[in-house]
Amino acid sequence: MAESTTKKYDVIVVGSGASGGWACKRLAESGLKVALLEAGRPQSSANFSEHTPAFELKYRNLAPEIVRKTRPIQSQMADVCNEYTQDWFVNDIEEPYTTPADKPFNWLGRLRMTGGRTNVWGRVSLRFSDWDFKAASHDGYGEDWPISYKDIAPYYDLVEKYVGITGMAEGLEELPDGQFQPPMALNCQESVFRDRVKQKMGRTATLTRSANLTQSLNGRGPCHYCGPCERGCVTKSYFNSAFTTVADALKSGNCTLISNAMAFKVLMDGDRNRARGVLYIDRITRAPREIQARVVILCAQSQESARILLNSANSQYPNGLANSSGVLGHYLMAHVRSAGGRGEFPELAPAPSLSAPIKPLGIYIVRFRNMKGNPPFKKFLRGYGFECDSNFDFNWGAPGFGEAYKKALREPRAEFSLTGFGEVLPRWDNFVGIDKKVKDVYGIPVLKIHMSDGENEKAMIKDIAESAGEMLEAAGAKNIRTRANPSAPRWAVHEAGVARMGSDPRKSVLDQFQQTHDIKNLFVMDASGFTSNPCQNPTLTIMALCVRSCDHLMDEMKRSNI
Ligand SMILES: Cc1cc2nc3c(=O)[nH]c(=O)nc-3n(C[C@H](O)[C@H](O)[C@H](O)COP(=O)(O)OP(=O)(O)OC[C@H]3O[C@@H](n4cnc5c(N)ncnc54)[C@H](O)[C@@H]3O)c2cc1C
Ligand code: SF4
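Right, let's walk through the structure included here. Because the structure is a prediction, the values reported are computed rather than measured.

What counts and what doesn't
Residues numbered from 1 in each chain as written. Chains lettered and ligands numbered in written order. Predicted model: local features only at pLDDT ≥ 70, side-chain atom pairs only at ≥ 80, totals over all residues. Heavy atoms only, no water. Near = heavy atom within 4 Å. Nonpolar A, V, L, I, M, F, W, Y, C, P; charged D, E, K, R; others polar. Helix = DSSP H or I, 4+ residues; strand = E, 2+ residues; numbered from the N terminus. Buried < 20%, exposed > 50% of the residue type's maximum accessible area, 1.4 Å probe, protein only. Contact = heavy atoms within 4.5 Å. Pairing = 2+ DSSP bridges. Axes fitted to C-alpha atoms, helices over the stretch in contact; angles between N-to-C directions. Polar contact = N/O pair within 3.5 Å; in protein donor to acceptor, adjacent residues only side chain to side chain. Areas by Shrake-Rupley, 256 points an atom, 1.4 Å probe, with all protein chains shown as cover. Salt bridge = Lys/Arg side-chain N within 4 Å of Asp/Glu carboxyl O. Phe/Tyr/Trp six-rings, centres within 6.5 Å; stacked < 30°, edge-to-face > 60°.

### Regarding the site of ligand 2
And step 1. Around ligand 2, a shell composed of Asn 212, Cys 223, His 224, Cys 226, Gly 227, Cys 229, Gly 232, Cys 233, Ser 237, Tyr 238 and Pro 360 is seen.
And step 2. Looking at the shell around ligand 2 residue by residue, the class counts come to 6 nonpolar, 5 polar and no charged.

Have a look at this one:
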């Protein structure tokens, strides 16, 4: 029998990451009483280690096999899940998921800390445009979003001003400019690449728009270029919901953070067709508990939110809560990012230095396939952008020993790499469901993820490698190498679409305000609602949509419609 708290909240928010943090801030600062259920532990700057050298760690960050014992999946992203940060991530053994044998899928970036994935994210913050929201009208594939750019633009402004995003205005319709802080400077490789690619190919490579401060903001200091943001930041110079939105919500006095609370299912009042609360498992005691509220908002990250809804199936909704359409779990999308290229600009290489500032972002090449002014590209629909890294590091992997090695190590190098992030089409047969045979250590049935590349993705991956090579050549790089690997299992940690939005309740789970069509006081405000998965990184749009939906929710509550 689950213990129930007597305290009544206005709203329960599940998950404290990018979306949950904003939901709590917006609602609590407006006076609503919010309970924030977070599966992970509280985050604190005492856990941050961006200035800790590896030699201070027990295993010098050189023993990945020890991390692999508990995090065999998460540690595949070794740059973010390693000896420094492993405790922030889910224990893959205790909280597994399954896949069909022929469809491996790496479900990476599963965090169990306040702040969720924003603790370790790459911070690239790009707007979508009507080329994305109305993509189906442009090329006939899939469905348009139930919103247009003008509906979300004011919320992009609001979120960007608070988050703090460094960027350069470019005046492009396909990648709208935002409310930027002053841009970080481009280095010489980046400037040369940007100028030559624009001049010779008409393509735009801009400073990556990134959630790193260049000016103080709300008590957070500007970035001091130390480099490893994925290990935290004591000056709070990158955006992490743990020390921004969630902290603000708690400061309001209206938000209660309940940590180590693993939501199992949404509880229903079947007679009134209303959500009445959430059943969760206390991860420390393993005891089940119930919490009640007038509204439930899931912000647990796409697949986790779908899992909660699927596990909440009851006699009224036998295929999962709010799933009268049968669409819940389907149309899983996750960017392809397995192709790109690299080259060198030896004439631009400075002598490497251990004390050089490390700019925590590079440049971004804006999508150019299937855009206005060009005929539709014959090989595939939609498009991709590139995230680029410019590296002047020591040649740590140089061959040799002794003097020869030391000399090679210090040899000036200037490597420039491009990684394509490509849109994946929404397909019914990419989906998540419950694996009834497997439970996690808390007794909650786990997800089974079914995902594979379609013909569109395969053709796109090939083209990403080819165009990376062309651009490197146009920019004058030497020693050019390209790669085009199959994208499954995935790496992009930008999953979306498993409870998609739409205006037709027969074909979608959520409406334009991420309110379930079936149950008026139940919302899903993470990327589950994305109708398509544009090639731009999703989090800025997740946050802007969430704030818009919260405003709608508060209007409806005022009118007593919820
Ligand atoms: C390494 C990495 C790099 C990335 N780089 C970028 C980037 O450059 N740009 C970009 O736009 N995006 C990036 N992303 C993706 C970005 O982090 C996510 O899009 C974003 O954080 C998703 O927000 P969310 O609110 O849906 O979920 P999250 O931020 O993941 O938060 C979900 C929270 O819910 C909690 N939770 C899960 N299940 C439950 C449950 N059952 N009960 C209670 N709580 C639960 C989790 O513990 C977590 O704290 C990156 C992600 C990773 C991992
Ligand atoms: S590079 Fe900047 S934002 Fe990143 S951890 Fe260092 S100071 Fe913070």
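### So, the side chain of Gln 514
And step 1. Relative to the elements of secondary structure, Gln 514 occurs in the loop between strand S16 (478–484) and strand S17 (522–524).
And step 2. Judged by relative accessible area, Gln 514 falls into the buried class, the value being 0%.
And step 3. Look past the residues within four positions of Gln 514 in its chain and what remains in contact with it is Met 501, Leu 522, Phe 523, Val 524, Met 525, Asp 526, Leu 545, Cys 546 and Ser 549.

### Considering the sheet that holds strand S10 (residues 339–344)
And step 1. If you trace the 6 strands from one edge of the open sheet to the other, you get S5-S11-S12-S13-S10-S16, paired in antiparallel fashion. Bordering the open sheet on either side are strand S5 (205–207) and S16, each of which pairs with just one other strand. Strand-to-strand twist across the sheet, computed as the mean angle between neighbouring axes with direction ignored, equals 20°.
And step 2. Helix H6 (residues 188–201) contacts S5, strand S11 (363–365), strand S12 (384–391) and strand S13 (415–422) of the sheet and is inclined by roughly 55° relative to S13.
And step 3. Sheet strands in contact with helix H10 (residues 455–475) are S10, S11, S12, S13 and S16, and its direction is about 15° off that of S10.

### Considerations on the pairing of S10
And step 1. Looking at chain direction, S10 and S16 are connected through 5 bridges and run antiparallel. The partner of Ala 339 across the bridge, within S16, is Ala 484.
And step 2. Of the pairings in the sheet, the one linking S10 to S13 comprises 5 bridges and is antiparallel in character. Bridge assignment links Gly 340 to a residue of S13, and that residue is Thr 419.

### Quick word on the environment of Asn 323
And step 1. Relative to the assigned elements, Asn 323 resides in the loop between helix H8 (302–311) and S10.
And step 2. Along the primary structure Asn 323 and Thr 516 are separated by 193 residues, whereas in three dimensions their C-alpha atoms are 8.8 Å apart.
And step 3. Setting aside its immediate chain neighbours within four residues, Asn 323 contacts Tyr 317, Leu 328 and Asp 518.
And step 4. From its side chain, Asn 323 meets the backbone nitrogen of Gly 326 in a polar contact 3.0 Å long.
And step 5. A distance of 3.1 Å separates the side chain of Asn 323 from the backbone nitrogen of Val 327, its partner in a polar contact.

### So, the site of ligand 1
And step 1. Close contacts around ligand 1 come from 37 residues, with Ser 19, Glu 38, Gly 122, Ala 263 and Thr 539 the closest.
And step 2. In this structure, an oxygen atom belonging to ligand 1 sits 3.1 Å away from a main-chain N or O atom of Arg 123.
And step 3. Out of a free accessible area of 990 Å², ligand 1 has 96% covered by protein chains.
And step 4. Elements with a minimum of two residues in the shell around ligand 1: helix H1 (18–29), strand S7 (261–269), H8 and helix H11 (539–558).
And step 5. Of the residues forming the shell around ligand 1, the biggest block, 3 residues, is contributed by S7.
And step 6. Residue classes in the shell around ligand 1 are distributed as 19 nonpolar, 12 polar and 6 charged.

### Topic: the pattern of salt bridges
And step 1. Applying the stated criterion across every chain, the model contains 35 salt bridges.
And step 2. Shared partners join several salt bridges into a network, and the residues in it are Glu 95, Arg 110, Arg 112, Arg 283, Glu 304, Arg 307 and Asp 440.

### Here we look at the pairing of S12
And step 1. Where S11 lies against S12, 3 bridges are found, and the strand directions are antiparallel. Across the sheet, Ile 363 pairs through a bridge with Cys 388, a residue of S12.

### Quick look at the packing of aromatic side chains
And step 1. Following the criterion strictly, the structure yields 20 aromatic pairs and no others.
And step 2. On the basis of an interplanar angle of 35° and a centroid distance of 6.1 Å, the ring pair of Tyr 149 and Tyr 156 is categorised as tilted. Each member of the pair Tyr 149 and Tyr 156 is classed as buried.
And step 3. Both rings, one in Tyr 238 and one in Phe 243, keep their centres 5.8 Å apart while their planes meet at 90°; by these two values the pair is edge-to-face.
And step 4. Owing to a relative accessible area of 0%, Tyr 238 belongs among the buried residues under this scheme.
And step 5. Classification of Phe 243 by relative accessible area gives buried; the value is 12%.
And step 6. Grouped by ring-pair contacts, the aromatic residues Phe 368, Phe 377, Phe 380, Tyr 384 and Phe 386 constitute a single cluster.

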